[in-house]
Amino acid sequence: MRTHEAGALHGDFDYSALRPGWLGVPEDVNTLLPQLWAQNVERADDGVLHIGGISVEALAAEFGTPAYVFDEDDFRARCRAWIEAFEGADVFYASKAFCSKAVLRAAAEEGLFVDVCTAGELAVALAAGLAPARLGLHGNNKSFAELRQAVEIGVGRIVADSFTEIERIEAIAAELGKRPNVMIRVNVGVEAHTHEFIATAHEDQKFGFSLAGGAAYDAARRVIQAEHLELLGLHSHIGSQIFDTAAFEISAARVARLHAKLQTDFSVQIPEMDLGGGFGMAYTSQDDPQPPADIAASLRKIVDEECTAAGIDVPRLSIEPGRSLIGPTMFTLYQVGTVKPVTLAGSAARLYVSVDGGISDNIRTALYDATYSATLASRSSDATPALARVVGKHCEAGDIVVKDEFLPADVAPGDLIAVPGTGAYCRSMGSNYNHVPRPPVVAVRNGEARVILARETVDDLLRLDVG
Ligand SMILES: Cc1ncc(COP(=O)(O)O)c(C=O)c1O
Ligand SMILES: N[C@@H](CCCC[NH3+])C(=O)O
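Residues numbered from 1 in each chain as written. Chains lettered and ligands numbered in written order. Predicted model: local features only at pLDDT ≥ 70, side-chain atom pairs only at ≥ 80, totals over all residues. Heavy atoms only, no water.

Here His-259 is to be found in helix α9 (residues 245-266). For His-259, a relative accessible area of 0% gives the class buried. Beyond its immediate sequence surroundings of up to four residues, His-259 is in contact with Leu-234, Ile-270, Glu-272, Met-273, Ile-312 and Pro-315. (Helix = DSSP H or I, 4+ residues; strand = E, 2+ residues; numbered from the N terminus. Buried < 20%, exposed > 50% of the residue type's maximum accessible area, 1.4 Å probe, protein only. Contact = heavy atoms within 4.5 Å.)

A word on the packing of helix α3 (residues 72-85) against helix α4 (residues 101-109). It is the contact of α3 with α4, at a shortest axis distance of 9 Å, that shows an interaxial angle of 40°. Between α3 and α4, the angle is such that the two are oblique. At the point where α3 passes α4, the crossing takes the right-handed sense. Facing Glu-72, Phe-75, Arg-76 and Cys-79 of α3, the residues of α4 in contact are Val-103, Ala-106, Ala-107 and Glu-109. Its residues assigned to classes, the contact of α3 with α4 shows five nonpolar, no polar and three charged. (Axes fitted to C-alpha atoms, helices over the stretch in contact; angles between N-to-C directions. Parallel < 35°, antiparallel > 145°, perpendicular 65-115°, else oblique. Left-handed = near helix turned anticlockwise from the far one by under 90°. Nonpolar A, V, L, I, M, F, W, Y, C, P; charged D, E, K, R; others polar.)

Our next topic: the confidence of the model for the chain. Taken over all residues, the pLDDT of the chain has a mean of 93, while the share at 70 or more is 95%. Element-level mean pLDDT values for the chain span from 44 in helix α1 (residues 6-10) up to 99 in strand β4 (residues 67-71). Here the complex is predicted with pTM 0.95, and the ipTM for its interfaces comes to 0.98. (pLDDT = per-residue confidence, 0-100.)

What the rule picks out here adds up to 28 salt bridges. Arg-78 is paired through a salt bridge with Asp-74; the nearest N and O atoms lie 3.1 Å apart. Of this pair, Arg-78 and Asp-74 are both found in helix α3, four residues apart, which corresponds to roughly one turn of the helix. Judged by relative accessible area, Arg-78 falls into the partly exposed class, the value being 23%. Between Asp-265 and Lys-261 there is a salt bridge; the shortest N-O distance is 3.0 Å. Note that Asp-265 and Lys-261 are positioned in helix α9 at a spacing of four residues, about one turn of the helix. Since its relative accessible area comes to 36%, Asp-265 is described here as partly exposed. Note on Lys-261: relative accessible area 44%, which makes it partly exposed. (Salt bridge = Lys/Arg side-chain N within 4 Å of Asp/Glu carboxyl O.)

Our next topic: the packing of aromatic side chains. Using the criterion set out here, one finds 10 aromatic pairs in the structure. Relative to Phe-86, the ring of Trp-82 lies with its centre 6.0 Å away and its plane at 15°, an arrangement referred to as stacked. Here Trp-82 matches Phe-86 in class, with each residue buried. These aromatic residues form a ring-pair network of at least three members: Trp-82, Phe-86, Phe-248 and Phe-279. (Phe/Tyr/Trp six-rings, centres within 6.5 Å; stacked < 30°, edge-to-face > 60°.)

Per the stated rule, a full pass over the model turns up zero disulfides. Its sulfur unpaired, Cys-99 is 9.0 Å from the next cysteine sulfur, which belongs to Cys-117. (Disulfide = S-S within 2.5 Å.)

Looking now at the nonpolar core. Counting residues in each nonpolar core, the largest one holds 108 residues, and the members touching the most others are Phe-70, Phe-75, Phe-86, Tyr-93, Ile-184 and Ile-326. With 10 residues, α9 is the single largest residue contributor to this core. The contacts of Phe-86, once residues within four sequence positions are left out, are Val-91, Pro-292, Ile-295, Ala-296, Leu-299, Arg-300 and Ile-319. (Core = buried A, V, L, I, M, F, W, Y, C linked by side-chain atoms within 4.5 Å.)

The next point concerns the UniProt feature "binding site: substrate" (unreviewed entry) in the chain. The sites that UniProt annotates as "binding site: substrate" (unreviewed entry) are Arg-323, Arg-364, Tyr-368, Glu-396 and Tyr-425. Taking the farthest pair of C-alpha atoms as the criterion, the annotated set spanning 103 residues is dispersed, since that pair is 26.8 Å apart. Looking at where Arg-323 falls in the secondary structure, it is placed in helix α11 (residues 323-326). A distance of 2.6 Å separates the side chain of Arg-323 from the side chain of Ser-240, its partner in a polar contact. The topology assignment puts Tyr-425 in the loop between β19 (416-420) and β20 (441-445). For Tyr-425, the residues in contact, after removing those within four places along its chain, are Lys-96, Ala-97, Ser-240, Arg-323 and Arg-364. (UniProt positions renumbered as here; feature names shortened; annotations may be inferred. Polar contact = N/O pair within 3.5 Å; in protein donor to acceptor, adjacent residues only side chain to side chain.)

Looking at ligand 2, there are eight residues lining it, with Arg-323, Arg-364, Tyr-368, Tyr-425 and Met-429 nearest. A distance of 2.6 Å is found between an oxygen atom of ligand 2 and a side-chain nitrogen or oxygen belonging to Arg-364. Relative to its unbound accessible surface of 310 Å², ligand 2 loses 82% to contact with the protein. (Near = heavy atom within 4 Å. Areas by Shrake-Rupley, 256 points an atom, 1.4 Å probe, with all protein chains shown as cover.)

Turning next to the pairing of strand β11 (residues 230-235). Along β11, five of the six residues are buried, which leaves the element largely enclosed by surrounding structure. Bridge analysis of strand β9 (residues 181-187) against β11 gives five bridges, and the strand direction is parallel. Its bridge partner being in β11, Asn-181 is matched across the sheet by Glu-230. Pairing between β11 and strand β12 (residues 272-274): three bridges, direction parallel. When the sheet's bridge partners are listed, Leu-234 is paired in β12 with Met-273. In this fold, the crossover linking β11 to β12 by way of α9 has right-handed handedness. (Pairing = 2+ DSSP bridges. Right-handed = clockwise from strand over helix to strand, strands pointing away.)

Next up on the list: α4. Within α4, the full set of buried residues consists of Ala-102, Val-103, Leu-104, Ala-106 and Ala-107. Positive phi appears at Gly-111, one or two residues downstream of α4, with a value of about 100°.

What follows is about the environment of His-235. Relative to the helices and strands, His-235 is located in strand β11. Taking the C-alpha atoms as reference points, His-235 and Ile-158, separated by 77 residues in sequence, lie 10 Å from one another. Not counting residues up to four positions away in its chain, the partners in contact with His-235 are His-138, Val-159, Met-183, Ile-184, Arg-185, Val-186, Asp-274, Gly-276 and Glu-320.

We now examine the side chain of Ser-95. Within the fold, Ser-95 resides in the loop between β5 (90-94) and α4. The exposure class of Ser-95 is buried, given its relative accessible area of 0%. There is a polar contact of 3.4 Å between the side chain of Ser-95 and the side chain of Glu-121.

And the structure:
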């Protein structure tokens, strides 16, 4: 096995410039930080990562790599934690984060509702046996067919995002003789501190009706006055991977004020209010998510205060976490193909560790400059920690899975690498770039592993190539 000289790798390189909080070379790269891993993952005495008692070696041998490995009990526990924290409110699992029958069924079994935003996600929810009344439909451009299906089967709530859509839903409802529950997606104008591409409540973006500009008020009025529509409530969602509770609080206060104004102006009772998702999760040691109970307490307090001040009843709340429920419950298991040292400044070097997946199973690093961590999973090592970059096999320089990480300097072809926190927006945003088939999802529960989403094959891709 080839090793790399520690001196040549480290030099006097300034690691703090790479990742906030990094002061130097860590002493130990074998210990797993609990906040980054699903609850049933541990490094066993033999140095190998295990999940629910099953070694990653065994998983790789049976299911191949790359593979997403899912800790189902951890997911169920997170579902229960959010439900408990938001007791008396409805928790919707945002299926865009990760959508498969087994996961939606597990969420429903734990008492969650599910939100979908396309006919595809709706089809999965229905195939999983979920009752339409326990679903919500989102999206800024739902097709006529999607809206019609939702009204026809009785989806519990349709979140309207434009005046065009309100007209369409009403026409469909009139035609089918139904009275669907409609929510109005309000753009509250909050600049959430997250990546620009995943913030959704500043003025200049595509989602929702502007609160400041009066469109949200007008849209709600249209629904209140529509013969065939029921205004269930207002809805807001300010973005994703947000840690700044002040942003959620400002948003909740603004929505509550509009809610009160509408009730007063039109003498109606608006029963619900949805405060969206977006609660951040830990990808690295620098991320410090708030416990669900604290988030619930601060949001409830704001809504209660606003409603009391306006002299109205507090509506039933709902929230829609996606990432915080599913994100931490999976890790991606890769096999190392090549290791290449590349010189940085001075005497410092970086190991480019190429794995058998990449941008096709995790686009978030390239798309959002997202930060992930990685560990050597098939063994522990006493070798000196080396600055590394975990890269994929795609024809793209930006094909980076983990931009900066310390791995043992003896990491070598054949080793298994695990990247935690890949449950949300990795498989669901996966692609077939370079005709690399998408990896399977292997669920582990009660000491047993089963495939819940099969590995795509090149034959699957060729079947579509009908030219
Ligand atoms: C309307 C809506 N609800 C919920 C979510 C889930 O967000 P997250 O996965 O960040 O909790 C999203 C995605 O950002 C969304 O657009
Ligand atoms: N897909 C994004 C977040 C957007 C979520 C949907 N509105 C991510 O990976 O972080």
